[in-house]
Amino acid sequence: MLKKYLFLTKPGILFGNFVTTLGGYFVATQGSVDFLLLLLTLLGTTLVVASGCVVNNVIDQDIDQKMQRTQNRALVTKTISEPVALAFALVLGIVGFSLLWFWVNAYAFLFAVIGFVVYVGFYSLWTKRTTIHQTIIGSISGASPPVIGYTAVANQFDLAALLIFLGYALWQMPHSWAIAIYRFDDYKNAGIPILPVARSILRTKIESLVYVVLFTIAMNGLFVFDYANWLYLVILNALCIYWFYIGVIGFKAKNDQLWAKRFFLFSVILITVVSLCFSFTATAPSTQIILF
């Protein structure tokens, strides 16, 4: 039974957000880590994300039962009831938000609230079911954890935080569309109007390349404004060039699902490597541009 509760929190999403939170944190620390603050930030963020994922499971029951990869989830099979799931989400949320408010800072708490509200309210309850722009909305919540990590240390929202937010949000687009192409039939059967289903796979491949370029530009901004060193520049651009290359060969792919799986898996590798490399490539800028 404990395993079923664990899967309600979507461990894959938790791990991804754990890594990106680390990335934002490392940019701000520039190699000098306060391990207690890091632990509290990671724990608080993970619990808030877990809470949102459980609520998403409750909202998406009708969709999940139509998709092969989700039709055995606990709420679909009724092995966990809605009231119990919501109570579980409430406990996770209260503990997570409390950790960020009382033990981290108001900035981290604020971006946790933004990420949660966007994911549950604007994405899960609304845009996921109604518009192809759902991925843009979802990207806001996906980009919140690295900003939480950064502001936990910096205690301000500055240019680096903005670049981190933009970069991680832009990365979400091709990453999410790749999943939708790989699981095309699931999304089609569930009636989810994500770009590959609502428009075409060809258009999705074209727009994915555009977002890969925009992601590359945004993340290069961290080097341009002295938040990361030359080693970061080399690692980032080598990975982005290869990601772009995989996107280009997608136009000649004989099997779109196999290509999308490769494109998706490399996006995970890229964001993981980039996030972790901040632990030894982050630098202190000569001048700080504080936004609020």
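Analysis parameters
- Residues numbered from 1 in each chain as written.
- Predicted model: local features only at pLDDT ≥ 70, side-chain atom pairs only at ≥ 80, totals over all residues.
- Heavy atoms only, no water.
- Core = buried A, V, L, I, M, F, W, Y, C linked by side-chain atoms within 4.5 Å.
- Buried < 20%, exposed > 50% of the residue type's maximum accessible area, 1.4 Å probe, protein only.
- Helix = DSSP H or I, 4+ residues; strand = E, 2+ residues; numbered from the N terminus.
- Contact = heavy atoms within 4.5 Å.
- Salt bridge = Lys/Arg side-chain N within 4 Å of Asp/Glu carboxyl O.
- Phe/Tyr/Trp six-rings, centres within 6.5 Å; stacked < 30°, edge-to-face > 60°.
- Lys NZ or Arg CZ within 6 Å of the ring centre and 35° of its normal.

Draft legend 1. Representation of the nonpolar core in the model. Core analysis: the biggest nonpolar cluster contains 92 residues, and Phe215, Met219, Leu222, Tyr232, Leu270 and Phe278 have the highest contact counts within it. Broken down by element, the residue count for this core peaks at 14 residues, all from helix H9 (residues 159–182). In this structure, tyrosine 232 is in contact with Met219, Asn220, Leu222, Phe223, Val274, Cys277, Phe278 and Thr281, ignoring residues within four places of it in sequence.

Draft legend 2. Main features of the environment of proline 193. Relative to the helices and strands, proline 193 is located in the loop between helix H10 (184–190) and helix H11 (195–198). Separated by 59 residues in sequence, proline 193 and glutamine 134 place their C-alpha atoms 8.3 Å apart. What proline 193 contacts, discounting residues up to four positions off in sequence, is Lys128, Arg129, Thr130, Thr131, Ile132, Gln134 and Ala198.

Draft legend 3. Broad picture of the pattern of salt bridges. In total, this model carries six salt bridges according to the counting rule given. Between glutamate 207 and arginine 203 there is a salt bridge; the shortest N-O distance is 2.8 Å. One end of the pair, glutamate 207, and the other, arginine 203, are both in helix H12 (residues 201–224), four residues apart, so they sit about a helical turn from each other. Judged by its relative accessible area of 21%, glutamate 207 is partly exposed.

Draft legend 4. Highlighting the packing of aromatic side chains. Per the counting criterion, the structure on display carries 18 aromatic pairs. Considering the side-chain rings of tryptophan 177 and tyrosine 211, the 5.5 Å spacing of their centres and the 75 degrees angle between planes classify their relative orientation as edge-to-face. Here tyrosine 211 lies in helix H12 and tryptophan 177 lies in helix H9, a separation of 34 residues in the sequence. Judged by relative accessible area, tryptophan 177 falls into the buried class, the value being 3%. Judged by its relative accessible area of 18%, tyrosine 211 falls in the buried class. The ring of tryptophan 259 has lysine 205 sitting right over it, with the charged end atom 5.1 Å from the ring centre.

Remember that the coordinates give geometry; whether it matters functionally is a separate question.
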